[in-house]
Amino acid sequence: MPLLSPEEFAKQKVGAVQDYAILSWQAVANLFSRPRYWADIFTQMDLIGVGSLPTIALTGFFTGSVLALQSATSLKTFGAVSMTGNLVALAMVKELGPVLTGLMLAGRNASGMASELGSMKVTEQIDAMRALGTDPVRKLVTPRLYATIIMLFFLTIIADAVGIAGGALISVTMLGMNASTYFSTSYRALQYADIVQGLTKPLFSAFIVATVGCYFGMNTKGGTQGVGRSTTQAVVVSSIFIIIVDFLVSRAMIGIFGR
Amino acid sequence: MPQELLPSDAVRPGRLTEKEPVVVFESVSIAFDLKPVLENVSFSVQPGETRIILGPAGGGKSVLMKLANGLIRPDSGAIRIFGEDITQIRERDLYKLRGRIGMVFQESALFDSLSVEDNVAYRLHEEQVPPDEVHTRVVEALKFVELEQAIAKFPPELSGGMRRRVSIARAIVSNPDLILYDSPTGGLDPITSTTIIELVMKERDVNRTTSLLITHRLQDAFTLAMNRYDRAKGTMEPIPGNGVDEGTKFLVLNEGRVVFDGTTRELVGSTDPWLKQYLS
Ligand SMILES: Nc1ncnc2c1ncn2[C@@H]1O[C@H](COP(=O)(O)OP(=O)(O)OP(=O)(O)O)[C@@H](O)[C@H]1O
Ligand SMILES: [Mg+2]
């Protein structure tokens, strides 16, 4: 790669951000005008949602389990082992459920989108699609975006539930707790604000996974090597974005709800 | 002004629209990463004309064809397709215009996750043609390229020549008013190349479609110029009396510039030293 002057470099980055913003905007807006590709939305929902279910369930389960295990050790020093359910539920619903599900989807689907669209780009299939009169953003990006938003929302709920269940299993079998104590403390721990926070985050994560994955895919250059590069970049950039946006949303929610 | 003395097409109504060129390039230039790829390219293609584009590799032929379909926009100059300046219109309107244009890509560019049938049917699906009609038209188009047995296959299972023919079927299935063929015979054996050239000729002589065709093989270019499609026999045959097809013209590009624009006879009779060497 030739060395660029700082000015050229800055210009390129600003241009990329601009392209990303335009792509995201079009992807969102396309649903509000014809033609709409419903069949593609359902295919993608199946691919993203049903396909990710085992991964998400396993992640959620073991995260919940390990949370129970770790927090019980710390809580024991305060004589508050009975609060394990409380801690697991709060951590799962507010943070770990949304973030880990988002990250898993970034690894699984942002990469998938980047490599699929990237291959289409380098083999001129995207150009062929345009030549056949179809807007590739409408046909490829919009269905992926909406499918990811819908599915990530539900996947997060599943991860939360499975995580709490995992915590329960550990608490009962390994920590000798009573199941009903565990569930009642978890249930009482969660307030309206926590649920709202936990369910807002996946909307942002899904937007990031789909738009970043598609952006890198659609802008792939340089043959198969380029596809590999786009895929890696899509995962790295979307993961970092998810964590940063998670922080920002948390801060905003705390500002709004006070917790 | 002396021009005023010449008979003008404009004074005869009806003639003008009929004679309006399908493709017009007016001093079109484009550069990639500061490297000029096309410089001041101008030419026009009349209705029914087949324009063969020749030139050494990397001369900008594919870029020119993508410009004609609005897939890329020039840095300067105007491109008019069916009378509309496509450098000025919005992407949305371009999609409508492209409905009248069929394109065969250099590397076929078939959708590899769709079957041959769905590839060919792609545009018909987009246009919401009823399913029964889609199937008949797809079969018809595949028959045209003699590939109806491959209808259920997927592109990775096809040979290069078959892919090229599916790509042609996909381009002609909607009966476009303009077809762009980017190197339809590139990298193929002489027999398959001849089959494909015959298809192009069939499309030219049966449907009289305006087209642009890029080729590296001079032999293919001259086959097209000097033969015609015999519908009764279903094969091509030489035009009697050493004749040439009047609707077939040439454009030769070298390093982004037009070095020749004219008929077959003019091309053969050209005295330009570079051209003579290129043709020999
Ligand atoms: N998207 C692009 N980005 C950068 N450069 C490009 C791009 N497309 C084409 N070029 C450059 O433009 C020049 C002309 O390319 P083009 O594909 O039009 O050649 P061609 O005449 O079709 O060659 P061939 O006969 O080998 O197909 C080449 O030097 C190529 O590197
Ligand atoms: Mg080319």
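Small disclaimer: the values here were computed from a predicted structure and weren't measured.

### Description of the sheet that holds strand β4 (residues 76-81) of chain B
Residue and element names in this part refer to chain B.
Then, in step 1: Pairing is antiparallel in the open sheet, where four strands are placed in the order β2-β1-β4-β5. A single partner strand is all that each edge strand has here, and the edge strands are β2 (35-45) and β5 (84-85).
Then, in step 2: Judged from the seven bridges that link them, strand β1 (residues 23-32) and β2 form a sheet pairing that is antiparallel. Across the sheet, the residue bridging to V23 is V45, located in β2.
Then, in step 3: Docked against the sheet, helix α2 (residues 61-68) engages β1, β2 and β4, running at close to 120° with respect to β1.

### Regarding the pairing of strand β9 (residues 227-230) of chain B
Residues and elements named next belong to chain B.
Then, in step 1: Sheet topology note: the β9/strand β10 (residues 235-238) ladder contains four bridges and is antiparallel. Bridging across to β10, N227 finds its partner in P238.
Then, in step 2: In this structure, the hairpin formed by β9 and β10 is closed by a connection of four residues, where G234 is found at a positive phi of approximately 75°.

### Quick notes on the packing of aromatic side chains
Then, in step 1: Summed over all chains, the structure comprises ten aromatic pairs over all chains.
Then, in step 2: Summarising the aromatic geometry, the rings of F25(B) and F43(B) are spaced 4.8 Å apart at their centres and angled 20° between planes, so their arrangement reads as stacked. Separated by 18 residues along the polypeptide, F25(B) in strand β1 and F43(B) in strand β2 bring together distant segments of the chain. Like F25(B), the residue F43(B) is buried in the burial classification.
Then, in step 3: Linked through ring pairs, Y20(A), Y215(A) and F216(A) together constitute an aromatic cluster.
Then, in step 4: Here the guanidinium or amino end of R100(B) rests over the ring plane of F82(B), the centre of that ring lying 3.7 Å away.

### Points about the layout of surface pockets
Residues and elements named next belong to chain B.
Then, in step 1: Considering only enclosed or pocket space, the second largest pocket measures out at about 250 Å³ in volume.
Then, in step 2: Looking at the second largest pocket, it is lined by 15 residues, and the ones nearest its centre are E107, S108, A109, L110 and R163.
Then, in step 3: With three residues, helix α6 (residues 160-172) is the largest single contributor of residues to the lining of the second largest pocket.
Then, in step 4: Here the lining of the second largest pocket is composed, by residue class, of six nonpolar, four polar and five charged.

### Remarks on a nonpolar patch on the surface
Residue and element names in this part refer to chain A.
Then, in step 1: On the surface, V236, I240, F241, I244, F247 and L248 cluster together to form a nonpolar patch covering roughly 570 Å² of accessible area.
Then, in step 2: The residue F247 is located in helix α8 (residues 223-257) in this model.
Then, in step 3: For F247, a relative accessible area of 57% gives the class exposed.

Parameters at a glance
Residues numbered from 1 in each chain as written. Chains lettered and ligands numbered in written order. Predicted model: local features only at pLDDT ≥ 70, side-chain atom pairs only at ≥ 80, totals over all residues. Heavy atoms only, no water. Pairing = 2+ DSSP bridges. Helix = DSSP H or I, 4+ residues; strand = E, 2+ residues; numbered from the N terminus. Contact = heavy atoms within 4.5 Å. Axes fitted to C-alpha atoms, helices over the stretch in contact; angles between N-to-C directions. Phe/Tyr/Trp six-rings, centres within 6.5 Å; stacked < 30°, edge-to-face > 60°. Buried < 20%, exposed > 50% of the residue type's maximum accessible area, 1.4 Å probe, protein only. Lys NZ or Arg CZ within 6 Å of the ring centre and 35° of its normal. 1 Å grid on protein atoms, 1.4 Å probe; cavity = no way out; pocket = protein on both sides within 12 Å on 5 of 7 lines; lining within 4 Å. Points joined across faces, edges and corners; volume = space filled by probe spheres on them. Nonpolar A, V, L, I, M, F, W, Y, C, P; charged D, E, K, R; others polar. Patch = residues over 30% accessible without salt bridge, like charges linked within 9 Å, V, L, I, M, F, W, Y side chains within 5 Å. Areas by Shrake-Rupley, 256 points an atom, 1.4 Å probe, with all protein chains shown as cover. Salt bridge = Lys/Arg side-chain N within 4 Å of Asp/Glu carboxyl O.

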